[in-house]
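Residue strings, one per chain:
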Amino acid sequence: SGVVEKPVIVQKFGGTSLGTPEKLEKVKNIMSDWHHKPAKCIAVVSAMSSYTKSEGTTSRLLAAADAAVNRGRFGPIIDKIEDTHLAIVYSMLKDHAVKEMAREHVNGELTHLKRFLESLTVIRELSGRSMDMIVGTGERLSAGVIAAVLQQEGIPGEYVNLSNLFDGIDASQTGFAELAKNRIAETLIPLLNEDKVPVVTGFLGHVDQGILEGIGRGYSDLTSGLVAVATEAKALQVWKESDGIFTGNPTKLDNARLVYHVTPREAAELTYFGNEVLHPSTMESTIKHSVPVHILNTFKPESKGTIVEPRSEHPSRGVLAISSKKGITMLNISSNKKLGSTSFLGRVFARAEKHGIKVDLISTSLVNLSFTVHESV
């Protein structure tokens, strides 16, 4: 059947919520609590990060790819990835059959990865599809291990690998989200109707030019949004290490307060201007299909969090929050006055588009243009 009888809750867990046995214990408890409520649950998981993104699985996979192409030593990097995942397998899984299944999953993924990296030392060239094969390993490892942790608890966790959802697609093309939604629905709805708890890879492929180029590092956020839309979810829960959206950075402002409700427009603006709680990719698909997004804290599940309510109008209030960005570059360009202002602006932004430069803020006069450049450039 294409219809799920109970309401669906999609739970997105970021890498830093998953990377140690202590952290994953909290995730397991959250999922267990929701499993026993009158709802169907789906988990979408990122690659594991022990403490910081730089120490995370995705960063290590990128380092291993770089080492392989340059004929360096990638073995020690893969060993660290293995240690992170097997630490969870051996400390959290007591049932012998479940433990062996999870261990074989980790070993199988890493054996395949090592063979692939060895071939790169000969080819010495990294295509988008090759990069996808390497990067997607992180989410496949994570989802397989977490499904086993749920099974240990008597919860019917089902590992779902979206790595081969497409044979190759341009993620920027019109219709990408609709096609992805339909493919995901075909995969997940039968599992929900069998009372399974799908644990879905945040990685989906294959994307033309590779997922990092075609979508960016926030691809697992995009996947969670698409999963929520595909299953007509009652809500998308984004579990982070933060209580939600604050009026300012709580690590820098003593009087920063948690904002309980924001409109889609406010959330989009804050995300764009440096608030890292939500990724734009998550917002785009969920808001269009009226799926509320609830930002919650993995380590304080009792916190109310922040709700982005798609149907809410723009409220009549003053400044909602202050956000900041680091390492901003500002360019100041002057005209030689031989060009009209429209022609001057047109030529500047044509060059920016040609070189893929993303502009954040702009200030103009008749012969002068100042703008800040997006941090990804």
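Preceding this section is the structure that the text describes.
Note that this is a predicted model, so its numbers are computed, not measured.

## Here's the deal with unusual backbone geometry
Backbone torsion omega between Gly205 and His206 reads 0°, so that peptide bond is classified as cis. Position of His206 relative to the elements: it lies in the loop between strand E4 (197-201) and helix H7 (211-214). In this structure, Gln209 takes a positive phi of about 70° despite not being glycine. If you trace the backbone, Gln209 turns up in the loop between E4 and H7.

## Structural notes on the pattern of salt bridges
One pass over the structure, following the stated rule, counts 12 salt bridges. A salt bridge links Lys40 to Asp195; its shortest N-O distance comes to 2.3 Å. Taken as a pair, Lys40 in strand E2 (residues 40-45) and Asp195 in the loop between helix H6 (176-193) and E4 lie far apart in primary sequence, 155 residues in all. You can call Lys40 buried: its relative accessible area is 10%.

## Points about the environment of Val367
Within the element layout of this structure, Val367 appears in the loop between strand E10 (359-364) and strand E11 (368-373). The sequence separation of Val367 and Leu345 amounts to 22 residues, and the corresponding C-alpha distance is 9.3 Å.

## A few points about the packing of helix H8 (residues 219-230) against helix H10 (residues 280-288)
Relative orientation of the contacting elements H8 and H10 amounts to 15°, with a least axis distance of 7 Å. Taken together, H8 and H10 sit at an angle that is classed as roughly parallel. As H8 runs across H10, the sense of the crossing is right-handed. Of H10, the residues touching H8 (which contributes Asp221, Leu222, Ser224, Gly225, Leu226 and Val229) are Ser281, Thr282, Ser285 and Thr286. The residue inventory of the contact of H8 with H10, partitioned by class, reads three nonpolar, six polar and one charged.

## So, the side chain of Ser142
By secondary structure assignment, the location of Ser142 is in helix H5 (residues 128-152). Judged by relative accessible area, which is 0%, Ser142 ranks as buried.

## Observations regarding the packing of aromatic side chains
Tallied over the entire structure, the rule returns four aromatic pairs. Judged by centre distance (5.9 Å) and plane angle (85°), the ring pair of Phe203 and Tyr219 falls under edge-to-face. A residue pair is termed long-range when its members are at least 10 positions apart, and Phe203 in the loop between E4 and H7 and Tyr219 in helix H8 qualify at 16 residues. This pair shows no difference in class: Phe203 is buried, exactly as Tyr219 is. Judged by centre distance (6.1 Å) and plane angle (40°), the ring pair of Phe349 and Phe371 falls under tilted. Taken together, the residues Phe349 in helix H11 (residues 341-354) and Phe371 in strand E11 connect sequence positions 22 residues apart. The buried category is assigned to Phe371, whose relative accessible area is 4%. Residue placement shows Lys37 over the ring face of Trp34; its charged tip is 4.0 Å from the ring centre. Positioned above the aromatic ring of Tyr260 is the side chain of Lys304, whose terminal nitrogen or guanidinium carbon lies 5.4 Å from the ring centre.

## Side note on the sheet that holds E10
With antiparallel pairing, the three strands of this open sheet are ordered in space as E9-E11-E10. Where the open sheet ends on each side, the last strands, each with one partner, are strand E9 (329-334) and E10. Each strand axis lies, on average, 20° off the axis of its neighbour in the sheet, ignoring direction. Strand direction decides the pairing type here: E10 and E11, joined by four bridges, are antiparallel. Following the sheet pairing, Ser363 is matched in E11 by Ser370.

## Concerning the nonpolar core
One finds Val10, Ile42, Phe176, Ile184, Leu188, Leu204 and Ile215 to be the most contacted residues of the largest nonpolar core, which totals 49 residues. For this core, the elements supplying multiple residues, two or more each, are strand E1 (8-13), E2, H5, H6, H8, strand E5 (235-240), helix H9 (264-272) and strand E7 (293-297). Per-element accounting of this core gives the leading share, eight residues, to H6. Setting aside anything within four residues of it in sequence, one finds Ile42 in contact with Val8, Ile9, Val10, Gln11, Leu188, Leu192, Pro198, Val200, Val227 and Thr231.

## Observations regarding the sheet that holds E2
Two pairing modes exist for strands in a sheet, parallel and antiparallel, and in both the strands are linked by backbone hydrogen bonds. The sheet built from eight strands is open, its strands ordered E3-E4-E2-E1-E5-E7-E8-E6 with mixed pairing. Two strands in the sheet have a free side with no partner beyond their single neighbour: strand E3 (157-160) and strand E6 (261-262). Pairing analysis gives five bridges linking E1 to E5, with the strands arranged parallel. Pairing of Val10 across the sheet is with Leu236, part of E5. Strands in contact with H6 are E1, E2, E3 and E4; relative to E2, the strand with the most contacts, it is inclined by about 140°. Against the sheet, H8 contacts E1, E2, E4 and E5, and its axis sits at roughly 175° relative to E1.

What counts, and at which threshold
- Residues numbered from 1 in each chain as written.
- Predicted model: local features only at pLDDT ≥ 70, side-chain atom pairs only at ≥ 80, totals over all residues.
- Heavy atoms only, no water.
- Helix = DSSP H or I, 4+ residues; strand = E, 2+ residues; numbered from the N terminus.
- Salt bridge = Lys/Arg side-chain N within 4 Å of Asp/Glu carboxyl O.
- Buried < 20%, exposed > 50% of the residue type's maximum accessible area, 1.4 Å probe, protein only.
- Axes fitted to C-alpha atoms, helices over the stretch in contact; angles between N-to-C directions.
- Parallel < 35°, antiparallel > 145°, perpendicular 65-115°, else oblique.
- Left-handed = near helix turned anticlockwise from the far one by under 90°.
- Contact = heavy atoms within 4.5 Å.
- Nonpolar A, V, L, I, M, F, W, Y, C, P; charged D, E, K, R; others polar.
- Phe/Tyr/Trp six-rings, centres within 6.5 Å; stacked < 30°, edge-to-face > 60°.
- Lys NZ or Arg CZ within 6 Å of the ring centre and 35° of its normal.
- Pairing = 2+ DSSP bridges.
- Core = buried A, V, L, I, M, F, W, Y, C linked by side-chain atoms within 4.5 Å.

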